[in-house]
Amino acid sequence: MVMDKGLSINEVENMLSIAGPYVDLVKLGFGTSFVTPNLRQKLEVYRKYDIPVYFGGTLFEAFLIRNQFDEYVKVCREYGVSYMEVSDGSIEIPHAEKCGYIEKLTKFGKVLSEVGSKDAAHIIPPYKWIELMKAELDAGSSYVIAEAREAGNVGIYRGTGEVREGLVQEILTQIPGDRIIWEAPQKAQQLYFIELLGCNANLGNIAPNEVISLETMRIGLRGDTFRLFLNNTEK
């Protein structure tokens, strides 16, 4: 999942002309879609490359806190956006209510739900991460997103960007890895999940100019993983 924080139409075209085959999803980060000129034309470029786009979860929260859930659905339908993110990183939503929104949105498209807080001081214990993820998948989320923000310094990471390894590995004892998108904007974070889960690890919040370099890391064409995928009998 690539994070578009305000690319121009030409920048999108240029990025996809080289990185398109390696992009599965694009998130228009936080509320950037609301202030992006020529949004329809920009979405058309992504559609030309058959890449689904969704609005950042913060936009969902901005509508919700104003009691405008139905208006949020209308906006998504108006722009032909069939992937939707449900998050509660900036506002507090009773979890049963959050799952209700997930269930409602599955009638209009695929739902991605984000678990974790954007507040670094709000530490969620591993059992709670598992409980929340299970409930959201049961409510209809296609994937759960492990929160890290665009900087990669909260949620599943410490303030330094270091992976909270115990948390990640405990989550994986209960939640299938292929149903989780790990926000991993930093190279060391990407490397951790590739080493842990393999070359097809679901990674999110990837910068547009990092897609190609990430792909080389996935297939052993970068020093960090050069030997990772060699046949074990190779000397």
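Check the entry above for the structure.
Residues numbered from 1 in each chain as written. Predicted model: local features only at pLDDT ≥ 70, side-chain atom pairs only at ≥ 80, totals over all residues. Heavy atoms only, no water.

## Regarding the pairing of strand E4 (residues 83-86)
Going residue by residue along E4, you find Tyr-83 and Glu-85 tucked away on one face and Met-84 and Val-86 tucked away on the opposite face as well. Strand direction decides the pairing type here: E4 and strand E5 (residues 110-115), joined by four bridges, are parallel. Counterpart to Val-86 in the pairing with E5 is Ser-113. The parallel pair E4 and E5 is bridged by helix H5 (residues 95-105), and the resulting crossover is right-handed. (Buried < 20%, exposed > 50% of the residue type's maximum accessible area, 1.4 Å probe, protein only. Helix = DSSP H or I, 4+ residues; strand = E, 2+ residues; numbered from the N terminus. Pairing = 2+ DSSP bridges. Right-handed = clockwise from strand over helix to strand, strands pointing away.)

## Topic: the pattern of salt bridges
Tallied over the entire structure, the rule returns 11 salt bridges. Between Glu-44 and Arg-47 there is a salt bridge, and its shortest N-O distance comes to 2.9 Å. Separated by three residues within a single helix, Glu-44 and Arg-47 lie in helix H2 (residues 39-48), roughly one turn from each other. Judged by its relative accessible area of 46%, Glu-44 is partly exposed. A relative accessible area of 33% means that Arg-47 is categorised as partly exposed. We note a salt bridge from Arg-222 to Asp-224, for which the minimum N-O separation is 3.4 Å. Looking at Arg-222, the relative accessible area reads 23%, which means it is partly exposed. One network of salt bridges, with partners in common, ties together Asp-88, Lys-98 and Glu-136. (Salt bridge = Lys/Arg side-chain N within 4 Å of Asp/Glu carboxyl O.)

Scope: geometric values only; no functional claims are made or implied.
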